[in-house]
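Overview (structure and organization)
Below, each chain spelled out in residue letters.
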Amino acid sequence: MEVAKTIFAAGESPARALFQPLAIYYVGFAIFYNLSKIASAAIFPQWYPKLEKRDRVDWDVRVISTVHAIFSVICSSYCILNTSCGQDFTFGVYLPCYWAILVTMAYWMFDLTVMVKHWSALGDVGMVIHHICGIIPFGFGGYFSEMHGYGFWVLLTELSTPFVNFRWYIAVIRKLQDSPTLQKLEVYNGIAMWLAFVVCRIINLPILVYHMFSHLEHTKKGHVAVYGPVISGAIVTLLLSLFWFSKITRGLLKRLLPSKEQRKQR
């Protein structure tokens, strides 16, 4: 078996190098989460204070989700295009990219914490599965310094997240203050969300899974504890994405092609 490169210094504990920054990033998300509440109340005084408690919690979570998604897409693109992570998807490593992986793990763990705490408002079994299928392979990949490139490839799917969150924001604001502008914006965002899903999930993920299996002999030179969960997680993410995409497509078609009753009401 070929010896994979490692980002850890000689004698450095991989567990300590994994959990110490992970804990720091988790606390960072908790601080950012609470600061975002103050910022939302200051920036959107006409909407945020009027939200029901469950909607306010959802609003706060989606602020963090949107920021993380943008961060993930930028970091993933850079690490794949400009570092060894994109040259060897199994064994390529680069320290700043490793930190980006830990940021994403910390976000998923923090999001799960908030979701469990506010399950009645945020509970989503599909999202729990999604996060767990990310935390496990990313954790093993970080510990053994393997599969970082594939991890960033998966994170490109976050491109669709801001559009999903904007859709929710528009819908909740329309309950408080509807307008023709918001209605048009909802349609335009829905189209953009659908296109983003097509590109970053429906096209991207099957290519990723195919690449994994076509390079399986090289990948199997690493630890099964890493490539097993990574491959399984990618497949589960693909299946979840197909399910979500079907719901998004139905919703968009319903919005663009209203029923006869809806047309009469207009």
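Residues numbered from 1 in each chain as written. Predicted model: local features only at pLDDT ≥ 70, side-chain atom pairs only at ≥ 80, totals over all residues. Heavy atoms only, no water.

Side chains that differ in sign of charge can pair as their charged atoms come close. Taken as a whole, this structure holds 4 salt bridges when the rule is applied. Between Asp58 and Arg62 there is a salt bridge, and its shortest N-O distance comes to 2.9 Å. With Asp58 and Arg62 both in helix α2 (residues 53-82) and 4 residues apart, the pair spans about one turn of that helix. As far as the burial class goes, Asp58 and Arg62 line up, both buried. In this structure, Arg255 engages Glu186 in a salt bridge whose closest nitrogen and oxygen atoms are separated by 3.3 Å. Taken together, the residues Arg255 in helix α11 (residues 224-256) and Glu186 in helix α9 (residues 180-214) connect sequence positions 69 residues apart. Three or more residues joined by partner-sharing salt bridges are found here, namely Arg174, Asp178, Glu186 and Arg255. (Salt bridge = Lys/Arg side-chain N within 4 Å of Asp/Glu carboxyl O. Helix = DSSP H or I, 4+ residues; strand = E, 2+ residues; numbered from the N terminus. Buried < 20%, exposed > 50% of the residue type's maximum accessible area, 1.4 Å probe, protein only.)

Bringing the environment of Glu158 into the picture now. Here Glu158 is to be found in the loop between α7 (148-155) and α8 (161-176). Measuring from C-alpha to C-alpha, the distance between Glu158 and Thr249 comes to 18 Å, with 91 residues separating the pair along the chain.

Ranked by internal contacts, the top residues of the largest apolar core, which has 46 residues, are Phe29, Tyr33, Tyr150, Phe152, Leu208 and Met212. Secondary-structure elements contributing two or more residues to this core are α1 (14-43), α2, α4 (95-117), α6 (125-144), α7, α9 and α11. If near-sequence neighbours (up to four positions away) are discounted, Met212 is found in contact with Tyr150, Thr219, Val230, Ile231 and Ala234. By size, the runner-up hydrophobic cluster in this structure holds 10 residues, among which are Leu51, Trp59, Trp168 and Ile173. (Core = buried A, V, L, I, M, F, W, Y, C linked by side-chain atoms within 4.5 Å. Contact = heavy atoms within 4.5 Å.)

Remember that the coordinates give geometry; whether it matters functionally is a separate question.
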